[in-house]
Amino acid sequence: MPSQAPPVASGVQRDRYVDWLRAFSLIVVVVWHWAFTILQWGPGGPSPTSPLGFTSGLWILTWLLQVLPLFFYVGGHVHLLSWNRACERGVGIGTFVSRRIRSLAIPALALAGTWIVFGVIVTRAFGVDWMDRVVLLVISPLWFIGVYLVLIALLPVSLWLHRHYDVLALIWLAGAALVVDVLRLRYGYEAAGWLNMIIVWGLAHQAGFFYDRVVALPRRFDVAILWTGLFALFGLVYSGIYPGSMVGVPGDKLSNMAPPTFVIVALLIFQIGLVEVLRPSMERLLARPRWQRANETVNRFALPLFLFHTTGMAIWVALTWWLAGAGPGERVRPDLFWWLERPLAVAGALVCTLPVIMLFGRQWTMGRRR
């Protein structure tokens, strides 16, 4: 039987780099949505597209900016630390899991429920038959929180696998993700691909249990992990089986994200290596008092910002249409002017999101801070 994983010591100094990685991954997702979402309007209402579909070669940026694998990886590490501390306090696994689920599910469900009720009211009062599309666009980024909640619910299983089978659990999950892709892409069982929503993200979460051991590796191993992931990405993408973008692009034969493919496993390996290679420089930077305060502030507001960022974006889009005296249009191809106004799109959405956080997320934010 494989050796049992070493316990993680509690009471150690807080890892500022972990905090930064968690906040950074959420903020990258937020800024990506604000800056690079193009709304197409058709008879059925709005639908999103991306400038990646119009700009050749831009997809390579997604190898750095698709950071959800990193978020799940850091989440696994944080959950293992929290569980070890809970064990010292005598908290059972059921109580631990239920508390974690409630802390995240309640605000997410409240947000989704508010938008659904608002959509029903607008549709019935004003006859806006495409309002359901607007509501779906606003709440659709919450999908990954749903997956995250499932992984929290599965913590008893993942912790058991980690204790009894250690690194074999990662190998089995990676193999299962590859088998799912074979069933989907070789034999046409398209529905089987959705198993990877749990397998691939579960692998990233499980990999977080090994965070401390990865940190302890000599630096040459960090570089080796980075190059292993990079070569795997290159081979998988240029095999012609998988698209190059790590986000969905209209016109691609399939998406590496919906549902996730084995390519995301390679992306996870690459990103783990990258953050470890960058660790020494980032730790020196985050040790400075000014950066410490900034890191703490950003961490306190990163998750509320993610929850409400599409609400702020919807307000910003409505305001710009109202101020410009125009409504939805169908011209979506990004031109030079569209690229030049991206900073304004981010700043405007941020200004509209902050009041929403203060009105609806302040009490929850302060509770998390305590």
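Please refer to the structure placed before this passage.
These figures come from a predicted structure and were not determined experimentally.

Chemist: What is the right way to read the nonpolar core from this model?
Modeler: Burial of nonpolar side chains together is a common tendency in soluble globular proteins. Counting residues in each nonpolar core, the largest one holds 93 residues, and the members touching the most others are Phe72, Tyr73, Ile145 and Trp201. Looking at this core, the element that brings in the most residues is helix α12 (residues 263-286), giving 12 residues. Not counting residues within four places of it along the chain, the set of residues in contact with Ile145 comprises Leu104, Ala108, Phe306 and Leu307.

Chemist: Looking at this model, I keep getting lost on the environment of Ala177. Mind explaining?
Modeler: Assignment of secondary structure puts Ala177 in helix α8 (residues 168-186). According to the relative accessible area criterion, Ala177 is buried, its value standing at 0%. For the pair Ala177 and Gly193, spaced 16 residues apart in the sequence, the C-alpha separation amounts to 8.8 Å. Contacts of Ala177, omitting those with residues within four sequence positions, involve Asn196, Ile199, Val200, Phe262 and Val265.

Chemist: Any chance you could explain the packing of helix α4 (residues 93-126) against helix α6 (residues 143-153) here in plain terms?
Modeler: How two helices sit against one another is set out by the angle between their axes and by the gap between those axes. Between α4 and α6, the least distance of the axes is 9 Å, while the angle of their chain directions is 165°. For the element pair α4 / α6, the angle class is roughly antiparallel. By crossing handedness, the relation of α4 to α6 is classed as left-handed. In contact with Val97, Arg100, Ile101, Leu104, Ala105 and Ala108 of α4, α6 contributes Ile145, Tyr148, Leu149, Ile152 and Ala153. Tallied by class, residues from the contact of α4 with α6 come to 10 nonpolar, no polar and 1 charged.

Cut-off values and rules
Residues numbered from 1 in each chain as written. Predicted model: local features only at pLDDT ≥ 70, side-chain atom pairs only at ≥ 80, totals over all residues. Heavy atoms only, no water. Core = buried A, V, L, I, M, F, W, Y, C linked by side-chain atoms within 4.5 Å. Buried < 20%, exposed > 50% of the residue type's maximum accessible area, 1.4 Å probe, protein only. Helix = DSSP H or I, 4+ residues; strand = E, 2+ residues; numbered from the N terminus. Contact = heavy atoms within 4.5 Å. Axes fitted to C-alpha atoms, helices over the stretch in contact; angles between N-to-C directions. Parallel < 35°, antiparallel > 145°, perpendicular 65-115°, else oblique. Left-handed = near helix turned anticlockwise from the far one by under 90°. Nonpolar A, V, L, I, M, F, W, Y, C, P; charged D, E, K, R; others polar.

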